Amino acid sequence: AGGMGRAGPAELEITVGDASGASHDVIMSRQGTLAYRVEENGAPLPARLTIRATAPTRTPHLGPPFARLAQNLVVSATGAGEVPLPPGSYRVLASRGPEYSVEEARIDVAPGETATARFSLKRAVDAFGWRCVDPHQHAAPSADSAVSLADRAASNLAEGLDVVVATDHNAIAADWRSAIAELRPARPLSVIVGDEVSIERFGHFSVIPWDAAPE
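Thresholds, definitions, all that
- Residues numbered from 1 in each chain as written.
- Predicted model: local features only at pLDDT ≥ 70, side-chain atom pairs only at ≥ 80, totals over all residues.
- Heavy atoms only, no water.
- Helix = DSSP H or I, 4+ residues; strand = E, 2+ residues; numbered from the N terminus.
- Buried < 20%, exposed > 50% of the residue type's maximum accessible area, 1.4 Å probe, protein only.
- Contact = heavy atoms within 4.5 Å.
- Areas by Shrake-Rupley, 256 points an atom, 1.4 Å probe, with all protein chains shown as cover.
- Lys, Arg positive; Asp, Glu negative; His and termini not counted.
- Charge placed at Lys NZ, Arg CZ, Asp CG, Glu CD.
- 1 Å grid on protein atoms, 1.4 Å probe; cavity = no way out; pocket = protein on both sides within 12 Å on 5 of 7 lines; lining within 4 Å.
- Points joined across faces, edges and corners; volume = space filled by probe spheres on them.
- Nonpolar A, V, L, I, M, F, W, Y, C, P; charged D, E, K, R; others polar.
- Pairing = 2+ DSSP bridges.
- Axes fitted to C-alpha atoms, helices over the stretch in contact; angles between N-to-C directions.
- Arc of directions from axis to C-beta.

## Structural notes on the overall build of the protein chain
A count of helical and extended segments in the protein chain gives two helices and 16 strands. Expressed as lengths along the three principal axes of its C-alpha atoms, the size of the protein chain is roughly 65 × 55 × 25 Å. A buried classification covers 39% of the 215 residues belonging to the protein chain. Expressed as a percentage of contacts within the protein chain between residues at least 6 apart in sequence, the contacts between residues at least 24 apart total 65%. As displayed, the protein chain has an accessible area near 12,300 Å², and 52% of this comes from carbon and sulfur atoms. Both charge centroids of the protein chain, one from 19 positive and one from 26 negative side chains, sit 7 Å from each other.

## Thoughts on the environment of Arg 48
One can find Arg 48 in strand β5 (residues 47–53). Separated by 22 residues in sequence, Arg 48 and Val 26 place their C-alpha atoms 33 Å apart. The residues contacting Arg 48, other than those within four sequence positions of it, are Leu 73, Val 74, Val 75, Leu 93, Ala 94, Ser 95, Ala 158 and Glu 159.

## Things to note about the layout of surface pockets
By volume, the largest pocket is sized at about 240 Å³. At the level of secondary structure, the elements contributing two or more residues to the lining of the largest pocket comprise β1 (2–3) and β2 (6–7). Looking at side-chain class alone, the lining of the largest pocket contains nine nonpolar, seven polar and two charged residues. As for the second largest pocket, its lining consists of 13 residues, and the residues nearest its centre are Tyr 36, Arg 68, Val 75, Ser 76 and Ala 77. Mapped by element, the contributors of at least two residues to the lining of the second largest pocket are β7 (73–76) and β8 (80–85). Of the residues contributing to the lining of the second largest pocket, the split by class is nine nonpolar, two polar and two charged.

## Digging into the sheet that holds strand β10 (residues 103–109)
As summarised here, the arrangement of the five strands in space is β6-β7-β5-β9-β10, forming an open sheet in which the pairing is antiparallel. What marks the edges here is a single partner per strand, and that holds for β6 (69–70) and β10. In this structure, β5 lies alongside strand β9 (residues 88–95), joined through six bridges in antiparallel fashion. Along β9, the bridge assignment pairs Ile 51 with Val 92. Contacting β5, β7 and β9, helix α1 (residues 149–158) crosses the sheet at an angle of about 90 degrees to β7.

## Observations concerning the side chain of Ser 95
Topologically, Ser 95 is positioned in strand β9. When sequence neighbours within four positions are dropped, the list of residues in contact with Ser 95 reads Ala 47, Arg 48, Ser 101, Val 102, Leu 121 and Ala 158.

## Thoughts on helix α2 (residues 176–183)
The set of residues buried in α2 consists of Trp 176, Ala 179, Ile 180 and Leu 183. Taken end-on, α2 shows its buried residues confined to a sector of 95 degrees, consistent with a single buried face. Turned more than 90 degrees off the buried face of α2, the exposed positions are Arg 177 and Glu 182. Next to the buried residues of α2 lie α1, β13 (163–166) and β14 (190–193). Once α2 finishes, Arg 184 follows within two positions and takes phi at roughly 50 degrees, a positive value.

What follows is the structure in structure tokens.
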């Protein structure tokens, strides 16, 4: 048994009879919380947190793999926030893609209390003025993706990208500007809207950039 920020018994023995059902009370812990902040030279920095449990604590499951709270990962566009964690002991790693250092903290989360972790990442690779770009990405406007615009933008920021190129299947009208503004990101993220033109039985080709126009 488990829940957001709550720990429960790892295993329960229940017997179900032939003629009747069975019931069992499950006692859950009070909710625990991790408050985090990731910085570069004292300024907030978008980052990814990887949370690994220390035995006997179980690794947390925070959400579906395509969300900002995903399995045992936290994707943060602001570099600061709180996340519910079941009481226990954890290793928390903060990262921001291949251009930054990685820092680790060991924390203990008590029932009903908030543990804090602060990270200071350093740029490890000089980009020499070049910008980091991923030229082919899909989000919810594309029929093959469940990732919201905000979650896709947050994942780009957390991994150190400067530019996202949206190439959804046959879709170019998404409001990326509002999605990014909603995040209040600690660093800017530029968007180039393209399209993966998909024609059934014939194939796909990409057009970048492609501005929506009524004509």
